Amino acid sequence: ISPLYRDRIPSEPLSSVAELRTIPLTTKEDLRRHSPFGVLCVPREELSQYHETFGTTGTPVSTWFTKDDVLANATEIILSGIGLNTTDIVLVRFPYAISAVAHMVHAAAQLKGACVIPASARSTVSPFPRIVNMLQRLDVTVLACLPLQAILIAETAELLGLNPAKDFPSLRAILTAGEPLTSGRRKLLEDVWGLPIIDVYGMAEIGTAITDCEYGHPHPLEDYFIFEILDEDLETEVPPGKLGYLVITTLRKKATPVIRYLTEDRARVIHKNCPCGRSLWLEVHGRKQDTILLGNRTLDLWDLDEIVSNLPCRRFWVVGAEAEGLHFIIEEEKTGDSISDDLVRQLEKKYQLKLQFEIVPKGTIYDRSELLAIGEVGKPRYIYSAEEIKRGAYLKAART
């Protein structure tokens, strides 16, 4: 037993999930406080791999892997609908660094006999034009990256005179992870690339816990994890369909298992038959800090992206809360893009919100010249304060 859990779990084996819920929640702060070795549950000679995450404090959270842990995480990714096989050439665009996702996708692809191209993001060695060139020249079949990266790669291809939906005939699917994939963002990627989008949800602390099936629907991996969705009190389970806080217990992780880990993500369970044969869906809507509170309404990225999905330009946007509603800054996609007063009124009626849309020239949020020059673009930020919107803080979004 690790020092983290020595005084938290009973000495006798648990006999039910109900008993599991008597154990206190594990928070990210708990993991920070006990890292690097206080989270460890196996002898050091059994360790095979190490990764870290960083929070806003800059204090690392350690997660260790045995060989079996790496194999389990790779298998979790394989269980998605991406259908990796020996004929695949997989370009991994996640950052190869101390984070885990690139390494786990890499392991999953090779476990299925696929060839991997490790083309790390956040690296000047692999700028966007080189990625576009490799996608074409090397007959890449699967692109694995953040949803934002998929859009930026498409933008770069267009700058180079290519059509993402037509000029990469070998590409059969895009595997995304690392940020919430809203229904609106999924539709955008499908429209831009003309390909199936398969998303996986996880984090270094737990592994890959939710995967899209071949139909693009998110299903929890119940053989690998126990899932809870808790209300604001962090005690009461919410009913199906209602958003709550996602809590995960690992069942197979050996080196650094976590019990009742509060992921800080808001999620909801949906009971609905899927063509793949499963009936349990688990939608992750992102962190509470990535929401806007207007009166008694909480708007998350799913809500905000749904509004944007009604507009003629959808690729790059940021939003801030005004006293009476929302102020969106949206990049035009083609010259002359506009939003009519009638559409604004329709959307305000539909969402019961005061909405202001400001269309700005292409390149305002993401500088296209930088796409042709550098390869380093971090995770996206969509929500800003009203004051930040006013002073144009989002103008540096591509460099954060």
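A quick note: this is a predicted structure, and the numbers were derived from the prediction, not measured.

The rules we used
Residues numbered from 1 in each chain as written. Predicted model: local features only at pLDDT ≥ 70, side-chain atom pairs only at ≥ 80, totals over all residues. Heavy atoms only, no water. Helix = DSSP H or I, 4+ residues; strand = E, 2+ residues; numbered from the N terminus. Rg over C-alpha atoms; globule rule 2.2 N^0.38 Å. Buried < 20%, exposed > 50% of the residue type's maximum accessible area, 1.4 Å probe, protein only. Lys, Arg positive; Asp, Glu negative; His and termini not counted. Charge placed at Lys NZ, Arg CZ, Asp CG, Glu CD. Core = buried A, V, L, I, M, F, W, Y, C linked by side-chain atoms within 4.5 Å. Contact = heavy atoms within 4.5 Å. Axes fitted to C-alpha atoms, helices over the stretch in contact; angles between N-to-C directions. Parallel < 35°, antiparallel > 145°, perpendicular 65-115°, else oblique. Left-handed = near helix turned anticlockwise from the far one by under 90°. Pairing = 2+ DSSP bridges. Polar contact = N/O pair within 3.5 Å; in protein donor to acceptor, adjacent residues only side chain to side chain. Salt bridge = Lys/Arg side-chain N within 4 Å of Asp/Glu carboxyl O.

A. Molecular detail of the overall build of the protein chain. Within the protein chain one finds 11 helices and 19 strands. A compact globule built from 400 residues would reach a C-alpha radius of gyration of about 21 Å, and the protein chain, at 22 Å, matches this within 12%. Expressed as a percentage of the 400 residues in the protein chain, the buried residues total 54%. For the protein chain, the centre of its 45 positive side-chain charges and the centre of its 54 negative side-chain charges are spaced 2 Å apart.

B. Just the nonpolar core, in detail. Counting 40 residues, the largest nonpolar core has L91, L135 and W193 as the members making the most contacts within it. Of all the secondary structure elements, the ones that give two or more residues to this core are α5 (128–137), β5 (142–145), α6 (147–159) and α7 (183–193). Those residues in contact with L135, other than ones at most four positions away along the chain, are L91, V140, L143, I153, F168, L171 and W193. L40, V258, V269 and L282 belong to the second-largest nonpolar core, a separate cluster that totals 32 residues.

C. Layout of the packing of α6 against α7. Close contact between α6 and α7 brings their axes to 11 Å; oriented N to C, the two are set at 30 degrees. When the interaxial angle is binned, α6 and α7 end up roughly parallel. Between α6 and α7 lies a crossing whose hand is left-handed. Contacts from P147, A150, I151, I153 and A154 of α6 reach α7 at R185, L188, L189, V192 and W193.

D. A look at the pairing of strand β13 (residues 280–287). Counting buried residues along β13, six of its eight residues qualify, which places the element largely inside the surrounding structure. When strand β12 (residues 261–271) meets β13, the two strands line up antiparallel, connected through seven bridges. Counted as the bridge partner of R268 is E283 from β13.

E. Region of the structure containing helix α8 (residues 301–308). The element α8 is largely enclosed, with a buried count of six among its eight residues. Among all positions of α8, only L301, W302, L304, D305, I307 and V308 are buried. Capping the start of α8 is the job of one residue whose side-chain oxygen sits 2.9 Å from the backbone nitrogen of W302: D300.

F. Region of interest: the sheet that holds strand β7 (residues 197–203). Ordered by their spatial adjacency, seven strands build an open sheet running β4-β3-β5-β6-β7-β8-β9, and the pairing between neighbours is mixed. Of all strands in the sheet, those bounded by a partner on one side alone are β4 (115–118) and β9 (218–220). For this sheet the average axis-to-axis angle between neighbouring strands, irrespective of direction, equals 25 degrees. Of the strands in this sheet, β6 (173–176) and β8 (207–212) touch helix α3 (residues 67–78), which is tilted by about 10 degrees from β8. Sheet strands touched by α7: β6, β7 and β8. Its angle to β7, the strand with the most contacts, is close to 135 degrees.

G. Just the packing of α3 against helix α4 (residues 101–111), in detail. Remark: α3 packs on α4, axes separated minimally by 8 Å, with the N-to-C direction vectors making an angle of 75 degrees. By the angle class used here, α3 and α4 are roughly perpendicular. Here α3 contributes V70, L71, N73, A74, T75, I77 and I78 to the contact with α4, which in turn contributes M104, V105, A107, A108 and L111.

H. Molecular detail of the side chain of E155. Along the chain, E155 falls in helix α6. The buried category is assigned to E155, whose relative accessible area is 4%. With near-sequence residues (within four places) excluded, E155 lies in contact with R315, F316, R368 and L371.

I. Inspection of the sheet that holds β13 at higher detail. Read across the open sheet, the four strands follow the order β10-β11-β12-β13; overall the sheet is antiparallel. Sheet topology places β10 (225–230) and β13 at the edges, where each strand pairs with a single neighbour. For this sheet the average axis-to-axis angle between neighbouring strands, irrespective of direction, equals 45 degrees.

J. A look at unusual backbone geometry. S35 connects to P36 through a cis peptide bond whose omega is 5 degrees. Within the element layout of this structure, P36 appears in the loop between α2 (28–34) and β1 (47–54). Despite not being glycine, L234 has its phi angle at roughly 60 degrees, a positive value. Among the structural elements, L234 can be located in the loop between β10 and β11 (244–250).

K. How the structure looks around the pattern of salt bridges. In the structure shown here, the tally under the stated rule is 29 salt bridges. The partner of E205 in a salt bridge is K28, with the nearest N and O atoms 3.4 Å apart. A residue pair is termed long-range when its members are at least 10 positions apart, and E205 in the loop between β7 and β8 and K28 in helix α2 qualify at 177 residues. Each member of the pair, E205 as well as K28, is classed as buried.

In short, shape yes, function no, at least from these values alone.
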